[in-house]
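Chain and residue survey
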Amino acid sequence: QVALAESGGGSVQAGGSLRLSCEASSGSVAYWKAFTCIGWFRQRPGKEREGIAGIFTLGHYDYYDRSVEGRFIISQDADKQTVYLEMSKLKSEDTAMYYCAGTEEHGCGAWHQYNIWGRGTQVTVNS
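Read on for an overview of the structure. (Residues numbered from 1 in each chain as written. Predicted model: local features only at pLDDT ≥ 70, side-chain atom pairs only at ≥ 80, totals over all residues. Heavy atoms only, no water.)

**Notes on the overall build of the chain**
Looking only at helices and strands, one finds 1 helix and 11 strands in the chain. Going from the N terminus to the C terminus, the chain shows its helices and strands as β-β-β-α-β-β-β-β-β-β-β-β. For 127 residues, the compact-globule estimate of 2.2 N^0.38 gives 14 Å, and the chain sits close to it at 13 Å. Taking the principal axes of its C-alpha atoms as reference, the chain extends roughly 40 × 25 × 25 Å. Taking all 127 residues of the chain together, 46% fall into the buried category. Here the chain displays about 6700 Å² of accessible surface, and carbon together with sulfur accounts for 45% of that area. Of the charged side chains in the chain, 12 are positive and 14 negative; the average position of the first set lies 5 Å away from that of the second. (Helix = DSSP H or I, 4+ residues; strand = E, 2+ residues; numbered from the N terminus. Rg over C-alpha atoms; globule rule 2.2 N^0.38 Å. Buried < 20%, exposed > 50% of the residue type's maximum accessible area, 1.4 Å probe, protein only. Areas by Shrake-Rupley, 256 points an atom, 1.4 Å probe, with all protein chains shown as cover. Lys, Arg positive; Asp, Glu negative; His and termini not counted. Charge placed at Lys NZ, Arg CZ, Asp CG, Glu CD.)

**A short note on the sheet that holds strand 7 (residues 72-77)**
Strands pair in a sheet through their backbones, by hydrogen bonds, and they do so in one of two ways: parallel or antiparallel. Strands sit in the order 1-3-8-7 across an open sheet of 4 strands; the sheet is antiparallel. Either end of the sheet is taken by a strand with one partner, and the two such strands are strand 1 (4-7) and strand 7. If you compare each strand with its neighbour and ignore which way they point, the axes differ by 20 degrees on average. (Pairing = 2+ DSSP bridges. Axes fitted to C-alpha atoms, helices over the stretch in contact; angles between N-to-C directions.)

**Here we look at the environment of Leu20**
In this structure, Leu20 sits in strand 3 (residues 18-24). Contacts of Leu20, omitting those with residues within four sequence positions, involve Ser7, Gly8, Gly9, Trp40, Val83, Tyr84, Leu85, Met87, Tyr98, Thr121 and Val123. (Contact = heavy atoms within 4.5 Å.)

**Observations concerning the nonpolar core**
One recurring pattern in soluble globular proteins: nonpolar side chains tend to sit buried together. Counting residues in each nonpolar core, the largest one holds 25 residues, and the members touching the most others are Trp40, Phe72, Leu85, Met87 and Tyr98. For this core, the secondary structure elements donating two or more residues are strand 3, strand 4 (37-43), strand 5 (50-56), strand 7, strand 8 (82-87), strand 9 (96-103) and strand 11 (121-126). Core analysis: the second largest hydrophobic core is formed by 7 residues, Cys37, Phe41, Phe56 and Tyr99 among them. (Core = buried A, V, L, I, M, F, W, Y, C linked by side-chain atoms within 4.5 Å.)

**Here we look at the pairing of strand 1**
Burial along strand 1 is one-sided: Leu4 and Glu6 are buried, while Ala5 and Ser7, pointing the other way, are not. Pairing of strand 1 with strand 3 involves 4 bridges; the strand directions are antiparallel. Counterpart to Leu4 in the pairing with strand 3 is Ala24.

**Description of the state of the cysteines**
This model, assessed by the stated rule, comprises 2 disulfides. Residue Cys22 pairs covalently with Cys100 via a disulfide, S to S 2.1 Å. Its S-S torsion of approximately 70 degrees makes the covalent link between Cys22 and Cys100 right-handed. Here Cys22, found in strand 3, pairs with Cys100, found in strand 9; they are 78 residues apart in sequence, far enough to count as distant. Taken individually, Cys22 and Cys100 each receive the classification buried, so the pair is uniform in this respect. (Disulfide = S-S within 2.5 Å.)

**Section: the environment of Arg42**
Looking at the element boundaries, Arg42 is found in strand 4. Along the sequence, Arg42 and Gln113 sit 71 residues apart, while their C-alpha atoms lie 15 Å from each other. In this structure Arg42 touches Glu48, Arg49, Glu50, Ile52, Ser67, Val68, Phe72, Glu93, Asp94, Ala96, Met97 and Tyr98, once residues within four positions along its chain are discounted. There is a polar contact of 2.8 Å between the side chain of Arg42 and the side chain of Asp94. (Polar contact = N/O pair within 3.5 Å; in protein donor to acceptor, adjacent residues only side chain to side chain.)

Here is the structure:
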């Protein structure tokens, strides 16, 4: 089974930036071979998990939830088997556990299709 692992979380002041990484775990098949899409999700305190960004691993089609559009950028580096989430203009409401996930189905913005998950990385935005 291909596994994904997030990194790059931390504490940042409002208005600041962070870059999260999602990498296939050691010994795993490359995510861009195993998955049609890689997505970023978050779960804010007391709220349900929500999809915020997705990327088609074999193309250049990106998808964003309106809550992060214009502030977050998803990208990939196939050589490193890594997907990134560049987060800028961070707000207190961005505080959450962030997860990456994969799906073999098409429709990278169809959040319900993602079914392979990393363990998450915490992002805390201080206002």
